[in-house]
Amino acid sequence: MTTVPTARDAAPEACCTPLTSEALSVEDAQRFAQLLKAVAEPTRLRLVSLIAAQDNKEACVCDLTEPVGLGQPTVSHHLKILVDAGILHREKRGVWAYYSIVPGALERAAAVLSPGR
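A brief look at the structure comes next. Bear in mind the structure is a predicted one, so any value in this text is a computation, not a measurement.

### Remarks on the packing of aromatic side chains
Part 1 of the reasoning: The full count for this structure, using the stated rule, is 0 aromatic pairs.
Part 2 of the reasoning: Above the ring of Tyr-98, the side-chain terminus of Arg-93 is found at 4.2 Å from the ring centroid.

See below:
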């Protein structure tokens with residue numbers, strides 16, 4: 001069984017090679033595929049957008065259940081996938097978990113698909 005490296009395995013400034021300049025390494029392809037799989041699900045994409053739209057760019061899981069119309073365990077599962085993919089950061093505060101977007105995570109993903117970089 002192979003394991004897929006997460007974005008946490010790489011240095012924050014590390015990024016995949018843009019698809020338009022040269023072929024991706026196996027490691028970069030696995031990392032990028034995990035990120036794409038994480039955001040390619042409508043609920044997870046919506047969760048990222050809800051968090052990004054907050055004034056302080058963070059949200060408690062308790063504030064995300066109603067907007068997506070799902071229960072807390074399901075929302076927490078989706079958030080865990082986003083954390084594992086390196087898109088979100090999770091911070092425990094008392095009994096609640098707060099989520100924020102990892103700085104540069106979405107920009108690094110966009111850079112891989114951008115021509116001429």
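### What to know about the sheet that holds strand E3 (residues 96–101)
Part 1 of the reasoning: Strand order in this open sheet of 3 strands is E1-E3-E2, and the pairing throughout is antiparallel. Of all the strands in the sheet, just strand E1 (58–60) and strand E2 (88–93) have a single pairing partner and so form its edges. Between one strand axis and the next, the sheet turns through 25° on average, direction left out of account.
Part 2 of the reasoning: Pairing between E2 and E3: 6 bridges, direction antiparallel. Directly across from Glu-91, in E3, lies its bridge partner Tyr-98.
Part 3 of the reasoning: Here helix H3 (residues 61–68) sits on the sheet and contacts E1 and E3; the angle it forms with E1, its principal contact strand, is near 85°.
Part 4 of the reasoning: Against the sheet, helix H4 (residues 72–84) contacts E2 and E3, and its axis sits at roughly 120° relative to E2.

### Describing H3
Part 1 of the reasoning: Every buried residue of H3 is listed here: Val-61, Leu-64, Thr-65 and Val-68. The arc enclosing the buried residues of H3, seen along the axis, measures out at 110°, which places them on a common side. Along H3, exposed side chains directed more than 90 degrees from the buried face belong to Asp-63 and Glu-66.
Part 2 of the reasoning: Trailing H3 by a residue or two, Gly-69 shows a phi angle of about 70°, which is positive.

Parameters and conventions
Residues numbered from 1 in each chain as written. Predicted model: local features only at pLDDT ≥ 70, side-chain atom pairs only at ≥ 80, totals over all residues. Heavy atoms only, no water. Phe/Tyr/Trp six-rings, centres within 6.5 Å; stacked < 30°, edge-to-face > 60°. Lys NZ or Arg CZ within 6 Å of the ring centre and 35° of its normal. Pairing = 2+ DSSP bridges. Helix = DSSP H or I, 4+ residues; strand = E, 2+ residues; numbered from the N terminus. Axes fitted to C-alpha atoms, helices over the stretch in contact; angles between N-to-C directions. Contact = heavy atoms within 4.5 Å. Buried < 20%, exposed > 50% of the residue type's maximum accessible area, 1.4 Å probe, protein only. Arc of directions from axis to C-beta.

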